[in-house]
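Here are the chains, one letter per residue:
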Amino acid sequence: MLETTIAAIRPADEAAMAAARELHGRLTKPAGSLGALEDLSVRLAGLAGACPPPLPEPAAVAIFAGDHGVHAQGVSPWPQEVTGQMIGNFLAGGAVVNAFARQAGASVTVVDVGVATPLPTGPTAEPAGPEPAGLDAAGSDAAGSDPAVLDPAVPRLVVASVRRGTRDFTVTAALTRDEALAAVQTGIRIADELIDAGAGILLTGDMGIGNTTPAAALIAAFTGADPLDATGRGTGIDDPTYAHKVAVVRSALARHSPDPADPLGVLAAVGGLEHAALAGLILGAAARRTPVLLDGVIAVSAALAAAAFAPAAVGAMVAGHRSAEPGATVALRHLGLDPLIDLGLRLGEGTGALLALPVVTGAVRVLHEVATFDSAGVAEK
């Protein structure tokens, strides 16, 4: 599945991008007056291979959840049980991501790809093998056959647990290569399912206590950044804990020496199951020429892995916002992506991506709905 997905990812369509630039020049506005929105709409035309590109709707948020063995090193003050408890909150509609998704009319799919504790809604699946496993909570396995897949009113749970949390990467590799591959392929499958159900844009979400630590390790591994520059304070740790967190990331990189030319190996050594699944989601979206709106530091660390698998996948990525986590800026710079908004957010869940969604929609709607000078009878300069 991974190989065929990568093979399907193509560079942007230059003719469609040229057509979008030409159309912008004829619309009833000064050339370049919409700034970054014009560049974004041109990129999306190149991704779709059409001008104008399809409107990015309906929107689907995919929240991948997993736990982390490195939590045992004291990198987060929050107990690991909060990961599973927050899944219950997502499914009850009580989290910030739910509030923002309702505002945007976006569906929410929660994917247990590696939660360590039993979920409040019932037991998680047993650890899966190399192939992705998992049916949604209602037992459906036919992509697009269930209208509930994109129902914005009802959050949905998909059980696709590869294992109950990663191993402690200060002691051994977080995952085996087969486990990392299974998580990546789970993300690809979720992308296919959502797109088959009609989603016009995918939004990344995540949940996992301690997951900014593997995110920092991934960012440092793929960009070559010093762990001090790639590591942030996550949920708001104090100075001693932050210094310890940086040291944990530094020691893990020294222990494993991950090779950025081997993205699966990097994910296995220092990644998380949600990071690997998000990389798969991005690859799956790119293969289907569907935009994927990135959230915060977890998403952009996964995006680095996706770009290492398939550099052309960057063409499907839209940076929703600039996370307050410093590693996010490092990763975005490496990917060559400019964030659409900068509000100092560091929550995750998909919240920043949802706030940026109207900007993406507006960029495309301009090409669909704004009159040209000729059609409106407006004189040009």
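Remember, predicted model here, so these are calculated numbers, not experimental data.

Visitor: Help me understand the nonpolar core, please; the structure alone is not making it clear to me.
Guide: Where a protein is soluble and globular, its nonpolar side chains tend to be buried together. If you look at the biggest cluster of nonpolar residues, it comprises 120 residues, and the most contacted ones within it are Leu 194, Leu 202, Leu 203, Leu 281, Leu 293 and Met 317. In terms of residues, this core owes the most to one element, helix α12 (residues 297-309), which gives 11 residues. The residues touching Leu 281, leaving out its near neighbours within four places in the chain, are Ala 62, Phe 64, Gly 187, Ile 188, Ile 190, Ala 191, Leu 202, Thr 204 and Val 292. By size, the runner-up hydrophobic cluster in this structure holds 8 residues, among which are Ala 20, Leu 27, Val 42 and Val 366.

Visitor: Help me understand the environment of Ser 107, please; the structure alone is not making it clear to me.
Guide: Within the element layout of this structure, Ser 107 appears in strand β2 (residues 107-114). For Ser 107, a relative accessible area of 1% gives the class buried. Residues Ser 107 and Ala 59 lie 48 residues apart in sequence; the distance between their C-alpha atoms is 6.6 Å.

Visitor: Before we go on, may I ask you to explain the pattern of salt bridges in this structure?
Guide: Pairs can form between side chains of opposite charge whenever their charged atoms are close. Tallied over the full model, the rule gives 13 salt bridges. The shortest N-O distance in the salt bridge between Glu 179 and Arg 163 comes to 3.5 Å. One end of the pair, Glu 179, is in helix α6 (residues 177-196); the other, Arg 163, is in the loop between β4 (156-159) and α6, and 16 residues separate them in sequence. Of the two residues examined, Glu 179 and Arg 163, each falls in the buried class. The closest approach of N and O atoms between Asp 262 and Arg 177, which form a salt bridge, is 2.8 Å. Highlighted residues: Asp 262 in the loop between α9 (239-256) and α10 (263-270) and Arg 177 in helix α6, separated in sequence by 85 residues. Residue class for Asp 262 comes out partly exposed when judged on its relative accessible area of 25%. Owing to a relative accessible area of 43%, Arg 177 belongs among the partly exposed residues under this scheme. The network of salt bridges with common partners includes Glu 57, Arg 365 and Glu 369.

Visitor: Looking at this structure, how should I read the packing of aromatic side chains?
Guide: How two aromatic rings sit relative to each other is given by the distance of their centres and the angle of their planes. Across all of its chains, the model carries 0 aromatic pairs by this definition. The ring of Tyr 242 carries the charged tip of Arg 233 above its face, separated from the ring centre by 4.7 Å.

Visitor: Any chance you could explain the pairing of strand β1 (residues 59-66) here in plain terms?
Guide: Within a regular strand, side chains alternate between the sheet's two faces. The buried count for β1 comes to 8 of 8 residues, which makes it a mostly enclosed element. Because side chains alternate across β1, one face comprises the buried residues Ala 59, Val 61, Ile 63 and Ala 65, and the other comprises Ala 60, Ala 62, Phe 64 and Gly 66, equally buried. Across 7 bridges, β1 lies against strand β5 (residues 201-207) in parallel orientation. Of the residues in β5, the one forming a bridge with Phe 64 is Asp 206. Sheet topology places β1 next to β2; 7 bridges connect them, and they run parallel. If you follow Phe 64 over to β2, its bridge partner there is Val 111.

How each quantity is defined
Each chain has its residues counted from 1, following the order in which its sequence is written. Reporting of local features is limited, given that this is a predicted model, to residues whose pLDDT is at least 70; pairs of side-chain atoms are given and counted only at 80 or more, and all residues count toward the totals for whole chains, interfaces and linings. Think of the side-chain values as coming from all heavy atoms in the structure, minus any hydrogens and water. The set of buried Ala, Val, Leu, Ile, Met, Phe, Trp, Tyr and Cys residues whose side-chain atoms join them within 4.5 Å is what this entry labels a nonpolar core. The rule is simple: take the accessible area with a 1.4 Å probe, protein chains only, and divide by the maximum for that residue type; under 20% is buried, over 50% is exposed, in between is partly exposed. Each helix is a run of DSSP H or I of at least 4 residues and each strand a run of E of at least 2, with the numbering of both proceeding from the N terminus. In what follows, residue pairs with any heavy atoms lying within 4.5 Å of each other are defined as contacts. We define a salt bridge as a contact between a side-chain nitrogen of Lys or Arg and a carboxyl oxygen of Asp or Glu at a distance within 4 Å. Pairing of aromatic side chains here covers Phe, Tyr and the six-membered ring of Trp, requires ring centres within 6.5 Å, and sorts the geometry by plane angle: under 30 degrees stacked, over 60 edge-to-face, intermediate tilted. Charge over a ring is defined by NZ of Lys or CZ of Arg lying within 6 Å of the ring centre and within 35 degrees of the ring normal. Whether two strands pair comes down to DSSP finding at least two bridges between them.

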